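# Structure at a glance
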Amino acid sequence: MAKILVVTSGKGGVGKTTTSAAIGTGLALRGHKTVIVDFDVGLRNLDLIMGCERRVVYDFVNVINGEATLTQALIKDKRLENLYVLAASQTRDKDALTLEGVGKVMDELRESFEYIVCDSPAGIEKGAHLAMYFADEAIVVTNPEVSSVRDSDRMLGLLASKSRRAEQGEEPIKEHLLLTRYNPERVSKGEMLGVEDVEEILAIRLLGVIPESQAVLKASNQGVPVILDEQSDAGQAYSDAVDRLLGKELPHRFLDVQKKGLLQRLFGGRE
Amino acid sequence: MSQADLLDQAPVFQLKGSMLAITVLELTHNDLARLDAQLLAKVAEAPNFFSNIPLVLALDKLPEDCGELDLAELQAVCKRHGLCIMAIRTEREEHIARARELDLAVLPPSGARERLIEPAESAEARRKAEKPREPEVRPTKVVTTPVRGGMQVYAEGGDLVVLASVSAGAELLADGNIHVYGPMRGRALAGVKRNAKARIFCQRLGAELLSIAGKYKVAEDLRRDPAWGDAVHVSLSGDVLKITRL
């Protein structure tokens, strides 16, 4: 039975597209047939992060309007054979999405994929609402920062009340917290909210903590999902997160300040 | 009687047509033993109603093959329970004959509309009508999942109990009291229909705003209270919110 995961946050710029790309790739790496769908109509980014922007012919809105079939619109990833991308339209806006249209595409995707990762746009309007409406599980991406936490809280409320599962009285959406851009040094200095603080305010289960990393910018500019950069801390943290999503129990890494030795401080530079 | 009266031509009586509301006991089965038992139960429900009540015994609903009806025994059974049969209602010859023997009047089956009576103690009914209608109280609304920012929960006509956290940006409203058994970071407005007796109870005071019957305090003022962050109980004293540690 296919699972629909939505990666959402409320706040913009916290790492939803980075996370969608990383988690989608991670699931495909572990053998599951996965498709990542970009719901940010008009401001599409997923194709850039996935490195397939030069192969986009048809998009999500074309499929909804019947101008193309799903098979024509789906872009196969060059690196992994289990991974597909459905890009959003760049020329239109969110009004082009309809509930029935999205529902039909989801049903069609459910027939051939194990995991459908929905990359939600920022905000709580139509685009974000449609992205989370059909979800079975939600990954709420939050920065350890007050406005992000407040917006994530609002999004959690909407997941519990405005999703299809909520409206039809089914089992509620399973919520996961993904803390991104975490900097343990700033947390110890008291400048940044810690994991415990965020967990206390949001009260949902922690999927993972992704440290602030230069690898993320490098990866997105290269069009390679950061999880494929196995040497980087962010890549490893995402890999752990995918394992936890699939049910494995793993301790959280990258939470503590890395003590640098003298040599590292002299020659190492910032990681 | 004086001679004067006898000679007087003034009428001694008058015949008047009257509409009387009367209770009809409709017999559906010719089973006196069961009738006895059932009457006992029914009379026990409202003894004053049934005490010496005049009844018309309707026999027209009995089935054709009900067998011989012992009208005398039937009357005795009724009398035992305080029911005075004053007439029977029937079309059947044998019933009419029996009624004549017992000096009971006979009424033809009427087409008048009849309604089912649920006898209630009339005195009690009068007392109930005199008592003023009490305001409708709804059961307490209990919320067990976290109340997230942007959500609004209104407990109309009653109290509200929240057994989880209340996030900043969430609103709790109630006509009665509000209890929050979890960290309280949102807004609580109790006694919204001007009920100054409403109270707010928090396990951990961190609210953005507290209000009782329209009188409020914002976090800015609440923070200065020494009980900030503790388990408190908030009530309205005069025009000011009073915060007491629990």
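Nothing here was measured: the structure is a model prediction, and the numbers come from that model.

## Details of the interface of chain A and chain B
The interface is formed by eleven residues belonging to chain A together with ten residues belonging to chain B. Counting each side, the surface lost to burial between chain A and chain B is near 790 Å², with a carbon and sulfur contribution of 39%. Together, Asp153, Arg154 and Glu200 of chain A form the three largest contributors to the area buried by chain A at its contact with chain B, with a combined 48%. At the boundary of chain A with chain B, the tally comes to three salt bridges. Residues glutamate 200 of chain A and arginine 204 of chain B are paired through a salt bridge, measuring 3.1 Å at the closest nitrogen-oxygen approach. The tally of links between chain A and chain B comes to six residue pairs in polar contact (both at pLDDT 80 or more). The set of elements that each furnish at least two residues to the side of chain A that touches chain B consists of helix H7 (146–161) and helix H10 (195–202) of chain A. No other element matches H7 of chain A, which puts five residues into the side of chain A that touches chain B.

## Let's talk about the packing of aromatic side chains
Residue and element names in this part refer to chain A. A full pass over the atoms with the stated rule returns four aromatic pairs over all chains. Between tyrosine 133 and phenylalanine 134, the aromatic rings sit 5.0 Å apart at their centres with planes inclined by 80 degrees, giving edge-to-face as the arrangement. Residue tyrosine 133 shares its accessibility class with phenylalanine 134, and that shared class is buried. The ring of phenylalanine 113 has lysine 33 sitting right over it, with the charged end atom 4.9 Å from the ring centre.

## Quick word on the pairing of strand S7 (residues 174–182) of chain A
Residues and elements named next belong to chain A. Of all nine residues in S7, seven are buried, a share of seventy percent or more. Bridging between strand S6 (residues 137–142) and S7 involves six bridges; their strand directions are parallel. Following the sheet pairing, valine 140 is matched in S7 by leucine 177. Here five bridges tie S7 to strand S8 (residues 205–211), and the two strands are oriented parallel to one another. Counted as the bridge partner of leucine 178 is glycine 208 from S8.

## Brief notes about the environment of glutamate 114 of chain A
Residues and elements named next belong to chain A. When you line up the elements, glutamate 114 lands in the loop between helix H5 (99–112) and strand S5 (115–119). On the basis of relative accessible area, glutamate 114 is assigned to the partly exposed category, the value being 36%. Remark: the alpha-carbon pair of glutamate 114 and lysine 33, spanning 81 residues in sequence, is separated by 5.3 Å. Contact partners of glutamate 114, with chain neighbours within four places excluded, come to Met1, Ala2, Lys3, Gly31, His32 and Lys33. Side chain to side chain, glutamate 114 and histidine 32 meet in a polar contact 2.8 Å long.

## Observations regarding the nonpolar core
Residue and element names in this part refer to chain A. Phe39, Phe60, Val102, Met106, Leu109 and Ile116 are the most contacted members of the largest nonpolar core, which has 48 residues in total. Every residue in contact with phenylalanine 60, bar those within four places of it in the chain, is listed here: Val37, Asp38, Phe39, Leu86, Ala87, Ala88, Leu97, Val102 and Val105. Listed in part, the 37 residues of the second largest apolar core include Val7, Leu27, Met50 and Ile210.

About the cut-offs
- Residues numbered from 1 in each chain as written.
- Chains lettered and ligands numbered in written order.
- Predicted model: local features only at pLDDT ≥ 70, side-chain atom pairs only at ≥ 80, totals over all residues.
- Heavy atoms only, no water.
- Contact = heavy atoms within 4.5 Å.
- Buried area = accessible area lost by both parts, 1.4 Å probe.
- Salt bridge = Lys/Arg side-chain N within 4 Å of Asp/Glu carboxyl O.
- Polar contact = N/O pair within 3.5 Å; in protein donor to acceptor, adjacent residues only side chain to side chain.
- Helix = DSSP H or I, 4+ residues; strand = E, 2+ residues; numbered from the N terminus.
- Phe/Tyr/Trp six-rings, centres within 6.5 Å; stacked < 30°, edge-to-face > 60°.
- Buried < 20%, exposed > 50% of the residue type's maximum accessible area, 1.4 Å probe, protein only.
- Lys NZ or Arg CZ within 6 Å of the ring centre and 35° of its normal.
- Pairing = 2+ DSSP bridges.
- Core = buried A, V, L, I, M, F, W, Y, C linked by side-chain atoms within 4.5 Å.

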